[in-house]
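Analysis of the macromolecular model
So you can see what is in the structure, the chains are spelled out below.
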Amino acid sequence: MERVRAIVEEAAAKPGPVVWLTGAGISAESGIPTFRGEEGYWKVGSRNYHPQELATFAAFQEMPAEVWAWYLFRRGVCRGAAPNAAHDALASLEESLGDRFLLVTQNVDGLHLRAGNTLGRTYQIHGNIDFMRPVRGGAPIPIPEGIDLDWPRGRQLRAEELALLAHEGEPTRPHVLWFDECYDEATFRFESSLRAAAETPLLVVVGTAGATNLPMQIGMLAARQGTPSIVIDPEKNPFAEIVERTGLGVYLAGTAGEWVPRVADLVAERF
Ligand code: APR
């Protein structure tokens, strides 16, 4: 903890917001399966499709109702979960730091916002499962009432539900980023996230396997600037390897619930 304290203290003397980068691991203790863990979404296949095959625009074009059903099931899982101590700690931290705090999350579960983090300081770089957007482009719209919040795995959409999911006569899609799609600024805050990584005095990375593009760019960009990272994850991930290779920062092997509240307290004290 002494090392963490020293890193936080040094960073706090510099300008710019502390950037927290979170992944599925921060919601694991809320009971939401991660993607690549043993019981993860990308590991447990369905009878007909491997779930990862459904997370593409190509799959959506071919079978929109099936893909919608899969997302509505996952939405129910997220809605049934509650923010945990790590989410709560980040919400309190934003409240005390204001503009010296920024959250970049890969999670679509909405738990950071439900804990109290604000949309202005939360970049949801993979979207939010409670929203849909027109297939042809446009702003996210809340999924309408009348769509079952307790969607069983495998239940398919009825015609009236598919009609509910249209917006002004236009078909919509889940408000997420799929494997065959690119980040952008308007919907996913791509440039803003990179700018934040370049300008932050401290990056804290929580519960992500580092398998996606923008998060790894953030980690590498920060390291190139000589910025330290504090990496929290029970498994050694590519962010922990960056720390090891560069000597910038520290890897804390453990869960989000164990470490996030402690690190957030230190940051609140010093920043
Ligand atoms: N606390 C902290 N970290 C944890 C915990 C926990 N309690 N439990 C698991 N982890 C860690 C795992 O060790 C792993 O490194 O969380 C990470 C989860 O990794 P993934 O399942 O790959 O999730 P994530 O990195 O968020 O996935 C990134 O990939 O499929 C896409 O769009 C999807 O946003 C997702 C992205």
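Residues numbered from 1 in each chain as written. Predicted model: local features only at pLDDT ≥ 70, side-chain atom pairs only at ≥ 80, totals over all residues. Heavy atoms only, no water.

1. Some points on the packing of aromatic side chains
For clarity, the cut-off: For Phe, Tyr and Trp, rings pair up if their centres lie within 6.5 Å, where Trp contributes its six-membered ring, and each pair is then called stacked (planes under 30 degrees apart), edge-to-face (over 60) or tilted (otherwise). A positively charged side chain is recorded as over a ring if its NZ (Lys) or CZ (Arg) lies within 6 Å of the ring centre. The angle to the ring normal must also be within 35 degrees.
Per the counting criterion, the structure on display carries 6 aromatic pairs. Put simply, the rings of Phe 57, Phe 60, Tyr 71 and Trp 178 pair up and form one aromatic cluster. Over the aromatic face of Trp 151 sits the side chain of Arg 155, whose NZ or CZ is 3.9 Å from the ring centroid. In this structure, Arg 262 is placed above the aromatic ring of Trp 259, and the distance from its NZ or CZ to the ring centre is 4.3 Å.

2. Focus on the domain arrangement of the protein
Often, the extent of an interface is quoted as the loss of accessible area upon association of its parts. What counts is decided by this rule: By convention here, the domain bounds are inherited from an automatic or database domain assignment. Whether two residues touch is decided by their heavy atoms; if any such pair falls within 4.5 Å, the residues are in contact. For any pair of parts, buried area is found by adding up, for both, the accessible area (1.4 Å probe) each one loses once the two are put together. Any carboxyl oxygen of Asp or Glu that lies within 4 Å of a side-chain nitrogen of Lys or Arg is treated as forming a salt bridge with it. In protein, a polar contact means a hydrogen-donor-capable atom and an acceptor-capable atom, both N or O and within 3.5 Å, with residues adjacent in sequence counting only if both atoms are side-chain atoms; elsewhere, any N or O pair within 3.5 Å suffices. Each helix is a run of H or I in the DSSP string that is no shorter than four residues. Each strand is a run of E no shorter than two, and both are numbered from the N terminus. Charged means Asp, Glu, Lys or Arg here, nonpolar means Ala, Val, Leu, Ile, Met, Phe, Trp, Tyr, Cys or Pro, and polar covers whatever is left, Gly included.
What the domain assignment lists for the protein is domain 1 (2-31 + 83-128 + 183-270) and domain 2 (38-80 + 130-176). For domain 1 and domain 2, the distance between their C-alpha centroids amounts to 28 Å. Counting from both sides, the interface comprises 9 residues of domain 1 and, opposite them, 8 residues of domain 2. The contact between domain 1 and domain 2 buries some 750 Å² in all, and 54% of this surface belongs to carbon and sulfur atoms. One can count 0 salt bridges joining domain 1 with domain 2. There are 4 residue pairs in polar contact (both at pLDDT 80 or more) connecting domain 1 and domain 2. Of all the elements in the fold, those that place two or more residues in the side of domain 1 that touches domain 2 are α7 (111-115), β4 (127-134) and α9 (185-188). For the side of domain 1 that touches domain 2, the per-class residue count stands at 3 nonpolar, 4 polar and 2 charged.

3. Regarding helix α5 (residues 64-79)
The test is simple: Given a helix with a known number of residues, its expected span is that number minus one, times 1.5 Å. Classification of residues uses two cut-offs on accessible area relative to the type maximum, computed with a 1.4 Å probe and protein chains only: under 20% is buried, over 50% is exposed, and between them is partly exposed.
In this model, α5 (16 residues) spans 22 Å end to end at C-alpha, consistent with the 22 Å of a helix rising 1.5 Å per residue. Residues Val 67, Trp 68, Ala 69, Trp 70, Tyr 71, Leu 72, Phe 73, Arg 74, Arg 75, Gly 76 and Cys 78 constitute the buried set of α5. Against the buried residues of α5 lie α3 (51-54), α4 (57-62), α7, β4, α8 (159-164) and β6 (172-176).

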